[in-house]
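Okay, here's what each chain looks like letter by letter:
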Amino acid sequence: MNNLIKRLTAALFAAVLSGSCLFSLIPVSAEEEASTVCKINFNCWSDDISFTKKTDPTAFESFTTDKNFFSVPEGTLVREGYNFQGWTYDGIYGYIGNESFGIPEGVTELTMEPVWTTSGDKDLHSLVYALDEDVERPENLKDTVAVKNSFVSIYQYAILTDEKTTRLWTDGTNIFNGISDHFIMPDHDVTLYPVWVKIINFIYKAGDVDRLNGATEFITPRNEGSSSDLAAADRFSRTGFNLAGWHCEYDGKDYVPLEMFYNIPGEDVVFTAIWEPKNYTVVFRQSTKNSENIKVPGLTDSTIICPEATISKPGYHLAGWQDDKGDIYAPGDEYLIYGNLPGLGISLSAVWEEGEPSSDTTTATTTTTTTTVVTGEGEIHHGDANLDGKVTVADAVAILQHVALPDKYALTGAALENADVFDNGDGVTAKDALIIQQVDAGIYKADELPVSYLQK
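The subject of this paragraph is the overall build of the protein chain. Looking only at helices and strands, the protein chain features 4 helices and 38 strands. Taking the intrachain contacts of the protein chain between residues at least 6 apart in sequence as the baseline, contacts between residues at least 24 apart amount to 66%. As displayed, the protein chain has an accessible area near 24,200 Å², and 48% of this comes from carbon and sulfur atoms.

Following this line, the structure appears as structure tokens:
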């Protein structure tokens, strides 16, 4: 029974999900080290055994290794009255040339034995696959017959139901993996039974946060007992933040994107995104010359101080710095770094006014601290959330600000109606901002708005 458990554990780890199928083989890592040096022998040096012309006999000489695996040499043995099949260590699992053999833990010397079938042997034995009554049998799952010592390939395709799957089979003592194992037919009939594992879900959530762009949850199936790498950092998008990792509710641990999750349990596992603020360099543009830009670093949701001008413009004074929403900030004012859509930076442009500053104030004042977009006036133009007559990324920014801070960045009237471009009945959400970004990317045209998720 210990051998069964050990083989089952190894096979489950080898049978994992890939992008297009339920299982894929995890190769043995060459970096893994064996616990001790092992001597490998091949029992093929006798007078009644020879080698074919294309076989190099020196490949089968004894050698030692400090790794926990070795590659079986290529070549064919010849013995009168017999047919060479391959090699075995235990008489149960067969190996052919170029296949990897995992050295059992603690073994310091092992001998690979050649496997022979007898020429002219017609005594056939059956290999039968037995499925549960409630499982539909695949058309290509065929029982087979073979003579003693034949290498038989195990059925390699996954068998699926709504709740369980398998690519592993057992004779009650040993576990066979259809991806990699050769079964050595004994001198009697054999029945193999499936080793079922549960199909569970990895549930990825963006979390209860603002400024999300697009999807907020993603679900992918995984197999109990297997291993899988976790989702990448681009699974969700959030304005002003990077996805730094995943918090696992099952074990309470934090994982980095693409980290391997081992020994998947037999229940759904929820991963919630871990967000970290982005590092921005806020650019204050004093003129058309990039060399005259003032750059101030800061993190999302932190405040920076708007700088004084470092250049002068004859006959003009600096009235303030204008952002892409039209708000103006005086030198010395605090500026909140709200963040911007992925790939976009943050910049403010100098507002130069003719003449000297008025005598009752030495600095420009912020035009507003609460921006309410025009209420009810103006022509309905879907997508034009800021009512500037165009559909641009600035409209997406206006929508995201409204979703995150509706008291400060309220959209009402025509602006609110224009912002609702994703026809999902949820009102104005981050999904509307995503559609505006797709207009900017050329996926949609402005005159196609509003759109439904069924359109494309």
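Okay, helix H4 (residues 430-441) next. Along an α-helix, a turn takes 3.6 residues, which lines up residues three or four apart on a common side. End to end, H4 covers 17 Å across 12 residues, agreeing with the expected 16 Å (1.5 Å per residue, within 8%). Residues Ala430, Asp432, Ala433, Ile435, Ile436, Gln438 and Val439 constitute the buried set of H4. Those residues of H4 hidden inside the fold are in contact with strand S22 (212-213), helix H2 (393-404) and helix H3 (413-419). Directly beyond the C-terminal end of H4, a positive phi value near 90 degrees is found at glycine 442.

On to the pairing of strand S26 (residues 241-248), then. Of the pairings in the sheet, the one linking S26 to strand S29 (residues 269-277) comprises 7 bridges and is antiparallel in character. Across the sheet, the residue bridging to leucine 243 is tryptophan 275, located in S29. Of the strand pairs in this sheet, S26 and strand S27 (residues 254-255) are connected by 2 bridges, and their pairing is antiparallel. Directly across from histidine 247, in S27, lies its bridge partner aspartate 254. The antiparallel hairpin formed by S26 and S27 contains 5 residues in its connecting segment, where glycine 252 sits at a positive phi of about 75 degrees.

Quick look at unusual backbone geometry now. Following leucine 449, the chain continues into proline 450 via a peptide bond in cis, with omega recorded as -5 degrees. Mapped onto the secondary structure, proline 450 falls in the segment after H4. The residue asparagine 98 is not glycine, and still its phi comes out positive at about 75 degrees. Here asparagine 98 lies in the loop between strand S9 (93-95) and strand S10 (100-102). Unusually for a residue other than glycine, asparagine 149 sits at a positive phi of about 75 degrees.

The mixed open sheet is built from 5 strands, whose spatial order is S31-S30-S36-S33-S34. Either end of the sheet is taken by a strand with one partner, and the two such strands are strand S31 (294-299) and strand S34 (328-329). As paired strands, strand S30 (residues 279-285) and strand S36 (residues 347-354) are joined by 3 bridges and run parallel to one another. Considered in S36, the bridge of valine 283 is made with serine 347.

Tallied over the full model, the rule gives 7 salt bridges. One salt bridge in this structure joins aspartate 132 and lysine 164, with 3.4 Å as the shortest N-O distance. Pair noted here: aspartate 132 is in the loop between strand S12 (124-129) and strand S13 (144-147) and lysine 164 is in strand S16 (residues 164-166), with a separation of 32 residues, a long-range link. In this structure aspartate 132 comes out as partly exposed when scored by relative accessible area, which is 30%.

The full count for this structure, using the stated rule, is 31 aromatic pairs. A centroid spacing of 5.2 Å and a plane angle of 75 degrees characterise the contact between phenylalanine 42 and tryptophan 87, whose relative ring orientation is edge-to-face. Separated by 45 residues along the polypeptide, phenylalanine 42 in strand S3 (residues 33-42) and tryptophan 87 in strand S8 (residues 82-88) bring together distant segments of the chain. On the basis of relative accessible area, phenylalanine 42 is assigned to the buried category, the value being 4%.

What follows deals with the environment of aspartate 447. Mapped onto the elements, aspartate 447 comes out in the segment after H4. Residue aspartate 447 is classed as exposed on the basis of its relative accessible area of 66%.

Overall, mixed pairing links the 5 strands, which are arranged S13-S12-S20-S17-S18 in an open sheet. A strand with exactly one partner marks an edge of an open sheet, and here the two such strands are S13 and strand S18 (175-177). Across the sheet, the mean angle from the axis of one strand to that of its neighbour is 30 degrees, orientation sign disregarded. Pairing of S12 with S13 involves 4 bridges; the strand directions are antiparallel. Its bridge partner lying in S13, leucine 124 is registered against valine 147.

So, about the nonpolar core. Core analysis: the largest hydrophobic core is formed by 35 residues, its most contacted members being Phe70, Trp87, Leu110 and Trp169. Elements represented by at least two residues in this core include exactly S3, S8, S9, strand S11 (109-118), S12 and strand S20 (190-194). With residues near it in sequence (within four places) discarded, phenylalanine 70 still touches Ile40, Phe42, Phe63, Glu99, Ser100, Phe101, Ile103, Leu110 and Met112. Within the second largest apolar cluster, 25 residues are counted, among which are Tyr338, Ala385, Leu411 and Val421.

A few words on the side chain of histidine 317. Structurally, histidine 317 is set in strand S33 (residues 316-322). If we skip the residues at most four places from it in the chain, histidine 317 touches Val351, Trp352, Glu353, Glu354, Gly355, Glu356 and Pro357.

This brings us to the environment of threonine 429. Following the sequence through the fold, threonine 429 ends up in the loop between H3 and H4. Relative accessible area serves as the criterion here: at 19%, threonine 429 is assigned to the buried category. Once the C-alpha coordinates of threonine 429 and leucine 212 are considered, the two residues, 217 residues apart in sequence, prove to be 9.2 Å apart.

Rules behind the numbers
Residue numbers run consecutively from 1 along every chain, following the written order of its sequence. Local features in this predicted model are restricted to residues of pLDDT 70 or higher, and side-chain atom pairs are both shown and tallied only at a pLDDT of 80 or more, whereas totals for entire chains, interfaces and linings draw on every residue. The basis for the side-chain values is all heavy atoms of the structure; hydrogens and waters are excluded. What counts as a helix is a DSSP run of H or I of at least four residues, what counts as a strand is a run of E of at least two, and both are numbered from the N terminus. In what follows, a contact means two residues having at least one pair of non-hydrogen atoms within 4.5 Å. Note on areas: Shrake-Rupley, 1.4 Å probe, and residue coverage restricted to the protein chains presented here. Each helix should span, by expectation, one fewer than its residue count multiplied by 1.5 Å. Partly exposed describes any residue whose relative accessible area lies between the buried limit of under 20% and the exposed limit of over 50%, with all areas from a 1.4 Å probe on protein chains only and scaled to the type maximum. For two strands to pair, DSSP has to find at least two bridges joining them. Each reported salt bridge corresponds to a side-chain nitrogen of Lys or Arg within 4 Å of a carboxyl oxygen of Asp or Glu. For Phe, Tyr and Trp, rings pair up if their centres lie within 6.5 Å, where Trp contributes its six-membered ring, and each pair is then called stacked (planes under 30 degrees apart), edge-to-face (over 60) or tilted (otherwise). A fitted line through C-alpha atoms serves as each axis, taken over the contacting stretch for helices, and the angle formed by two N-to-C directions is quoted from 0 to 180°. As used here, the term nonpolar core means buried Ala, Val, Leu, Ile, Met, Phe, Trp, Tyr and Cys residues forming a set that is joined through side-chain atoms within 4.5 Å.

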